[in-house]
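# Fold and contact review
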Amino acid sequence: MGANHDHDPYAATRPHGRALRLGIGGPVGSGKTALTAALCRALRDELDLAVVTNDIYTTEDADFLRREAVLSDDRITAVRTGACPHTAIRDDISANLDACEALQERHPGLDLIIVESGGDNLTALFSQGLADRQIFVLDVAGGDDVPRKGGLGVAAADLLVINKTDLAPLVGSDLAMMGRDAGKVRGGKPVVFSSLRERPGADEVAAWIRGVLHDLAHEHGEHEHEHGRERERAAAS
Amino acid sequence: MRASLLLLADSRLPAGGHAHSGGLEPAVAAGAVRDVPALADFLRGRLATSGLVAAALAAAACAHAARGGGAWAALDAETDARTPSPAQRAASRAQGRSLLRVARTAWASPALDALAGTPGGPHHPAVLGAAAAAMGAAPREAAEITAYMAVTGPASAGIRLLGLDPLAVNRALAVLAADVDAVAAEAAGFADGPWAELPAASAPLLDLYAERHLRTDLRLFES
């Protein structure tokens with residue numbers, strides 16, 4: 001997954017020289033906006049970042065982020081999805097691309113744009129043309145059988161976040177089973193448990209994002225290094 | 001070429017249309033459209049006014065692009081002059097930007113490249129016309145696609161906003177098809193004339209709805 005197809009003639013996005021676009025999807029009420037706010041607080045001092053929200057009906061999510069003052073207003077953009085949140089992140093990503101490009105233009109040094117999807121069902125999946133990486137958020141109160149049911153979001157996201165673990169004893173959810181079931185459908189891709197009430201910094205998710213950015217910078221560096229060696233060889237011959 | 005034209009007219013074209021209701025959402029909010037007959041009336045009115053204007057602009061853009069299509073500022077100004085509502089201008093430019101991204105990814109054309117320089121993004125009919133020209137289509141075909149989209153977009157929004165029976169809405173569109181063809185034929189007649197004489201049919205209620213929509217707290221569609 002991702003936009004780093006160096007030789008892809010159909011590449012929909014610019015692979016280098018722009019911010020990493022991170023999609024955050026998941027069902028209504030799973031905690032996407034609270035996670036986005038926590039990530040902004042955790043990462044804003046080390047990364048140049050911005051957020052696009054895909055509100056279903058209002059600009060409530062964007063308003064929440066502004067009210068919480070996690071970022072300055074000019075770094076938060078709300079997109080309307082015409083009653084089809086999954087269309088806006090998958091089939092027709094133009095409004096989100098427009099928003100990302102406008103943010104990038106306003107803040108040319110951006111490292112990371114978080115694109116938060118509107119609350120959707122388990123089949124929601126971000127297009128590779130929009131998101132370089134994607135996180136799917138479930139909450140334990142939504143039913144501990146959800147990871148077993150799978151779905152595109154649960155199975156294919158680069159990171160699965162099982163959120164609100166503090167509620168597990170209250171709603172009788174079996175966290176160990178959720179973790180095992182998720183592992184089975186995800187083929188080894190990472191799963192983290194989070195509780196913003198107990199760990200408001202979303203430490204596990206923030207650490208994963210740092211890792212992604214580090215790996216990309218490293219890959220890019222290797223790539224440049226390889227080019228440099230080719231140039232040296234060409235010059236020597 | 002025929003299949004390319006179908007791609008351009010397809011509602012699945014990833015050009016942002018799904019988030020625009022063509023003024024239907026504020027009409028629904030105002031209680032003016034509640035059922036399929038009222039939707040059909042809305043579509044007929046829209047087709048005769050902004051549909052005709054957009055189709056004629058697209059036909060003119062197609063003819064201009066076929067001639068090389070370097071300078072777009074005058075047609076852009078003519079479009080602004082026929083779009084009194086700032087909200088509708090913004091919606092047209094937003095859809096124009098999205099369509100231009102799609103069109104330039106799919107079809108190589110200097111006219112499309114030139115449109116990219118339009119401040120704020122090009123108007124939607126101009127891009128539709130230039131995209132049609134890029135695949136060798138005639139102004140009449142650009143007008144047909146534009147007139148068709150002027151009614152199919154809001155019809156689809158009606159299904160989503162009101163839960164209308166999609167079969168009944170489709171029948172209403174089928175009844176309207178002859179009118180769509182007639183509007184496209186009329187619009188195509190302006191393709192090679194002076195731009196100042198392009199039709200300027202207005203729909204003041206649609207303009208008011210568009211402005212009111214921008215100030216509404218609860219809305220699903222951009223326009």
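Residues numbered from 1 in each chain as written. Chains lettered and ligands numbered in written order. Predicted model: local features only at pLDDT ≥ 70, side-chain atom pairs only at ≥ 80, totals over all residues. Heavy atoms only, no water.

Of regular secondary structure, chain A possesses nine helices and seven strands. Within the span of chain A, comprising 237 residues, buried residues form 51% of the whole. The long-range fraction of contacts in chain A, counting pairs at least 24 apart against all pairs at least 6 apart in sequence, stands at 78%. Here chain A displays about 10,600 Å² of accessible surface, and carbon together with sulfur accounts for 52% of that area. (Helix = DSSP H or I, 4+ residues; strand = E, 2+ residues; numbered from the N terminus. Buried < 20%, exposed > 50% of the residue type's maximum accessible area, 1.4 Å probe, protein only. Contact = heavy atoms within 4.5 Å. Areas by Shrake-Rupley, 256 points an atom, 1.4 Å probe, with all protein chains shown as cover.)

Another point: the pattern of salt bridges. If you walk through the whole model with that rule in mind, you get 26 salt bridges over all chains. A salt bridge links aspartate 48 of chain A to arginine 75 of chain A; the shortest N-O distance between them is 2.6 Å. You can see aspartate 48 of chain A sitting in the loop between helix H1 (32-43) and strand E2 (49-55) and its partner arginine 75 of chain A sitting in the loop between helix H2 (60-67) and strand E3 (76-80), a full 27 residues away along the chain. Taking relative accessible area as the criterion, arginine 75 of chain A reaches 19% and is therefore assigned buried. Across the pair aspartate 80 of chain B and arginine 89 of chain B runs a salt bridge whose closest N-O atoms are separated by 3.8 Å. Owing to a relative accessible area of 30%, arginine 89 of chain B belongs among the partly exposed residues under this scheme. (Salt bridge = Lys/Arg side-chain N within 4 Å of Asp/Glu carboxyl O.)

Below, the discussion takes up the UniProt feature "binding site: GTP" (unreviewed entry) in chain A. Residue and element names in this part refer to chain A. The sites that UniProt annotates as "binding site: GTP" (unreviewed entry) are Gly26, Pro27, Val28, Gly29, Ser30, Gly31, Lys32 and Thr33. In this structure, serine 30 sits in the loop between strand E1 (20-25) and H1. Once residues lying within four places of it in the same chain are set aside, the contact partners of serine 30 are Val137, Leu138, Asp139, Asn163 and Lys164. A distance of 2.9 Å separates a polar side-chain atom of serine 30 from the backbone oxygen of proline 27. Along the chain, glycine 31 falls in the loop between E1 and H1. Judged by its relative accessible area of 16%, glycine 31 falls in the buried class. Not counting residues up to four positions away in its chain, the partners in contact with glycine 31 are Asn163 and Lys164. (UniProt positions renumbered as here; feature names shortened; annotations may be inferred. Polar contact = N/O pair within 3.5 Å; in protein donor to acceptor, adjacent residues only side chain to side chain.)

Residues and elements named next belong to chain A. Pairing in this open sheet of seven strands is parallel, and the strands run E3-E2-E4-E1-E5-E6-E7 from one edge to the other. Edge positions in the open sheet fall to E3 and strand E7 (191-193), since each of these has one partner strand only. With strand direction ignored, the average angle separating the axes of adjacent strands in the sheet is 20 degrees. Direction of pairing for E2 relative to E3: parallel, over a ladder of five bridges. (Pairing = 2+ DSSP bridges. Axes fitted to C-alpha atoms, helices over the stretch in contact; angles between N-to-C directions.)

Attention now goes to the packing of helix H3 (residues 36-66) of chain B against helix H8 (residues 139-162) of chain B. Residue and element names in this part refer to chain B. Packing of H3 against H8 leaves a shortest axis separation of 7 Å and a crossing angle of 150 degrees. As the angle between them shows, H3 and H8 are arranged roughly antiparallel. With respect to the hand of their crossing, H3 and H8 are arranged in right-handed fashion. Here Leu39, Phe42, Leu43, Arg46, Leu47, Gly51, Ala54, Ala55, Ala58, Ala59, Cys62 and Ala63 of H3 lie close against H8, whose contacting residues are Pro139, Ala142, Ala143, Thr146, Ala147, Ala150, Val151, Pro154 and Ala155. Within the contact of H3 with H8, the residues separate by chemical class into 18 nonpolar, two polar and one charged. (Parallel < 35°, antiparallel > 145°, perpendicular 65-115°, else oblique. Left-handed = near helix turned anticlockwise from the far one by under 90°. Nonpolar A, V, L, I, M, F, W, Y, C, P; charged D, E, K, R; others polar.)

Residue and element names in this part refer to chain A. One non-glycine residue, alanine 83, adopts positive backbone phi at about 70 degrees. Relative to the elements of secondary structure, alanine 83 occurs in the loop between E3 and helix H3 (85-91). Its relative accessible area of 29% is what places alanine 83 among the partly exposed residues.

Before going further, it helps to examine the side chain of histidine 107 of chain A. Residues and elements named next belong to chain A. Inspection of the secondary structure puts histidine 107 in the loop between helix H4 (94-106) and strand E4 (112-116). Its relative accessible area of 10% is what places histidine 107 among the buried residues. Among the polar contacts listed, one links the side chain of histidine 107 to the backbone oxygen of aspartate 74, at a separation of 3.2 Å.

Attention now moves to the state of the cysteines. Throughout the structure, instances matching the rule amount to zero disulfides over all chains. Distance from the sulfur of cysteine 84 of chain A, which forms no disulfide, to the nearest cysteine sulfur (cysteine 100 of chain A) is 20 Å. (Disulfide = S-S within 2.5 Å.)

Turning to the interface of chain B and chain A, a few remarks are in order. Listed by partner, the interface residues are 18 residues for chain B and 17 residues for chain A. Summed over both partners, the interface of chain B with chain A buries about 1,500 Å², with 50% contributed by carbon and sulfur atoms. Taken as a group, His18, Arg101 and Leu220 of chain B account for 42% of the area that chain B buries against chain A, more than any other trio of residues on that side. At the junction of chain B with chain A, the criterion picks out four salt bridges. A salt bridge links arginine 97 of chain B to aspartate 98 of chain A; the nearest nitrogen and oxygen atoms lie 3.0 Å apart. Between the two partners, chain B and chain A, sit ten residue pairs in polar contact (both at pLDDT 80 or more). The leading source of residues in the side of chain B that touches chain A is helix H5 (residues 86-106) of chain B, at four residues. Residue composition of the side of chain B that touches chain A, grouped by class: eight nonpolar, four polar and six charged. (Buried area = accessible area lost by both parts, 1.4 Å probe.)

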